[in-house]
There are 2 protein chains.
Amino acid sequence: MTTLTIGKVAQRAGVGIETVRFYERRGLIDEPPRGPSGYRHYPESVVLRLLFVRRAKDLGFTLNEIKELLSLRLDPQTTCADVKQRAETKIADIEEKMRALRRMKQSLVQLTKSCNGSGPANDCPILESLDSLEQKP
Amino acid sequence: MTTLTIGKVAQRAGVGIETVRFYERRGLIDEPPRGPSGYRHYPESVVLRLLFVRRAKDLGFTLNEIKELLSLRLDPQTTCADVKQRAETKIADIEEKMRALRRMKQSLVQLTKSCNGSGPANDCPILESLDSLEQKP
DNA sequence: CTTGACTCCGTAGTATGGTACAGGCTGTAC
DNA sequence: GTACAGCCTGTACCATACTACGGAGTCAAG
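Residues numbered from 1 in each chain as written. Chains lettered and ligands numbered in written order. Predicted model: local features only at pLDDT ≥ 70, side-chain atom pairs only at ≥ 80, totals over all residues. Heavy atoms only, no water.

(A) The arrangement of the protein's contact with DNA strand C in detail. Around DNA strand C there are 19 residues in total, and A:Thr19, A:Tyr23, B:Thr5, B:Arg34 and B:Arg40 lie nearest to it. Counting only atoms of DNA strand C within 4 Å of the protein, the fraction found in sugar and phosphate groups is 83%. A distance of 2.7 Å separates a phosphate oxygen of DNA strand C from a polar atom in the side chain of B:Arg21. Elements with a contribution of two residues or more to the surface near DNA strand C: helix H2 (17-25) and helix H4 (63-74) of chain A together with helix H1 (6-13) and helix H2 (17-25) of chain B. Taken together, the residues of the surface near DNA strand C break down into seven nonpolar, seven polar and five charged. (Near = heavy atom within 4 Å. Polar contact = N/O pair within 3.5 Å; in protein donor to acceptor, adjacent residues only side chain to side chain. Helix = DSSP H or I, 4+ residues; strand = E, 2+ residues; numbered from the N terminus. Nonpolar A, V, L, I, M, F, W, Y, C, P; charged D, E, K, R; others polar.)

Have a look at this one:
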């Protein structure tokens with residue numbers, strides 16, 4: 001069975017060496033066996049694991065959440081529904097963030113409309129609004 | 001002219017005392033005059049400043065960006081158009097974040113659809129997808 | 001005059017996700 | 001055998017926005 005050094009693993013997974021060690025500390029990848037010199041000897045499967053992490057990260061999961069997802073897979077008690085639940089919770093999180101961003105954007109668009117872009121900054125309607133804007137809950 | 005202690009300022013602005021000092025260090029509020037004991041004596045205007053900061057923060061500006069907005073106001077060279085420019089850049093930032101979130105959500109929705117919620121977690125289609133998902137740029 | 005609340009400063013810790021050393025050992029190629 | 005890349009550990013650092021804490025001095029009420 002071929003093993004990989006940390007450099008090869010990092011290269012194949014498209015991450016930095018430090019990141020691989022960091023993920024090990026965070027419990028996202030298993031501690032690999034070591035050679036007599038202390039060098040890490042990784043099975044090839046760790047590359048798949050790192051890609052899993054990256055994809056989950058791209059979907060908005062935090063490293064802690066990813067660790068949870070990984071442990072779900074190992075626990076025979078856990079069902080597919082548990083996984084689905086996590087995905088749905090994450091969707092709700094994302095929707096919440098999108099709503100917050102939408103609100104921000106709407107306010108900013110309003111502000112930019114109020115400003116014709118001429119005159120000195122110190123009586124810009126945008127800055128004036130920030131001085132007195134009503135807080136809408 | 002009445003002055004306020006840091007505690008009163010924090011209370012009126014709805015932030016913590018430590019936050020007031022933190023904002024001073026970050027250059028978001030002026031260093032106030034001190035009494036003989038070293039206590040800060042704030043003018044009432046600092047409360048307005050703190051509210052400005054909070055509103056700008058609610059609009060998605062970082063503290064550094066807020067500091068910039070504040071200094072724009074003081075510089076007579078700066079025009080209203082500069083302020084508007086910042087707002088428009090921030091709108092673009094927000095739109096970019098929203099697009100990223102939208103992509104995440106779409107992928108997650110796809111994944112949850114692929115999972116009927118039954119069976120053990122270790123062959124959940126969601127987790128399997130994370131093992132082999134194609135990276136779409 | 002004492003008590004308790006308030007303030008001072010500086011440093012360190014929180015969470016997030018890494019990145020960057022320093023200083024030393026190892027593995028390999030020539 | 002010697003150079004050089006690669007790996008080891010541990011710690012410190014980046015940005016972001018705070019929050020907490022220790023230990024000391026101060027202010028105001030009773």
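(B) Spotlight on the relation of the copies chain A and chain B. The transformation that overlays chain A on chain B combines an axial shift of 0.0 Å with a rotation of 180°, and the residual RMSD is 0.1 Å. The transformation relating the two chain copies, once decomposed into turn and shift, fits a two-fold axis. No C-alpha of chain A approaches the rotation axis more nearly than that of A:Met98, which lies at 2.9 Å. By residue overlap, the copies meet face to face through one surface: 100% of the interface positions of chain A are interface positions in chain B. (Least-squares fit on C-alpha atoms with pLDDT ≥ 70 in both. Contact = heavy atoms within 4.5 Å.)

(C) Seen up close, the packing of aromatic side chains. All names here are of chain B. In the structure shown here, the tally under the stated rule is two aromatic pairs over all chains. Relative to Tyr23, the ring of Phe22 has its centre 6.0 Å away and its plane inclined at 40°; by these criteria the two rings are tilted. In this structure Phe22 comes out as partly exposed when scored by relative accessible area, which is 33%. The buried category is assigned to Tyr23, whose relative accessible area is 7%. (Phe/Tyr/Trp six-rings, centres within 6.5 Å; stacked < 30°, edge-to-face > 60°. Buried < 20%, exposed > 50% of the residue type's maximum accessible area, 1.4 Å probe, protein only.)

(D) Molecular detail of the packing of helix H3 (residues 45-58) of chain A against helix H6 (residues 125-132) of chain B. At their nearest, the axes of H3(A) and H6(B) sit 7 Å apart, and the two run at 110° to each other. In terms of orientation, H3(A) lies roughly perpendicular with respect to H6(B). The interaxial crossing formed by H3(A) with H6(B) has right-handed handedness. Seen from H3(A), the contacting residues are A:Phe52, A:Arg55 and A:Ala56; seen from H6(B), they are B:Leu127, B:Leu130, B:Asp131 and B:Ser132. (Axes fitted to C-alpha atoms, helices over the stretch in contact; angles between N-to-C directions. Parallel < 35°, antiparallel > 145°, perpendicular 65-115°, else oblique. Left-handed = near helix turned anticlockwise from the far one by under 90°.)

(E) Here's a closer look at the nonpolar core. Counting 80 residues, the largest nonpolar core has A:Val20, A:Tyr42, A:Ile66, B:Val20, B:Tyr42 and B:Ile66 as its most contacted members. When sequence neighbours within four positions are dropped, the list of residues in contact with A:Val20 reads A:Ile6, A:Val9, A:Ala10, A:Val15, A:Ile29, A:Tyr42 and A:Leu50. (Core = buried A, V, L, I, M, F, W, Y, C linked by side-chain atoms within 4.5 Å.)

(F) Highlighting the protein's contact with DNA strand D. Close contacts around DNA strand D come from 19 residues, with A:Thr5, A:Tyr39, A:Arg40, B:Tyr23 and B:Tyr39 the closest. The sugar-phosphate share of atoms of DNA strand D within 4 Å of the protein amounts to 75%. Backbone polar atom of B:Leu63 to a phosphate oxygen of DNA strand D: 3.2 Å apart, as the coordinates give it. Those elements giving two or more residues to the surface near DNA strand D turn out to be helix H1 (6-13) and H2 of chain A together with H2 and helix H4 (63-74) of chain B.

(G) Looking closely at the pattern of salt bridges. All names here are of chain A. As enumerated under the stated definition, the model contains 17 salt bridges over all chains in all. One salt bridge connects Glu68 with Arg86, and the closest N-O pair in it is separated by 2.8 Å. With Glu68 in helix H4 and Arg86 in helix H5 (residues 80-114), this pair connects stretches of sequence that are 18 residues apart. The exposure class of Glu68 is partly exposed, given its relative accessible area of 39%. Take Arg86: its relative accessible area is 30%, and that puts it in the partly exposed class. Here Asp93 and Lys90 are joined by a salt bridge, their closest N and O atoms 3.6 Å apart. Of this pair, Asp93 and Lys90 both sit in helix H5, three residues apart, which is roughly one turn of that helix. Since its relative accessible area comes to 31%, Asp93 is described here as partly exposed. Look at the salt bridges and you will find they share partners, linking Glu65, Lys90 and Asp93 into a network. (Salt bridge = Lys/Arg side-chain N within 4 Å of Asp/Glu carboxyl O.)

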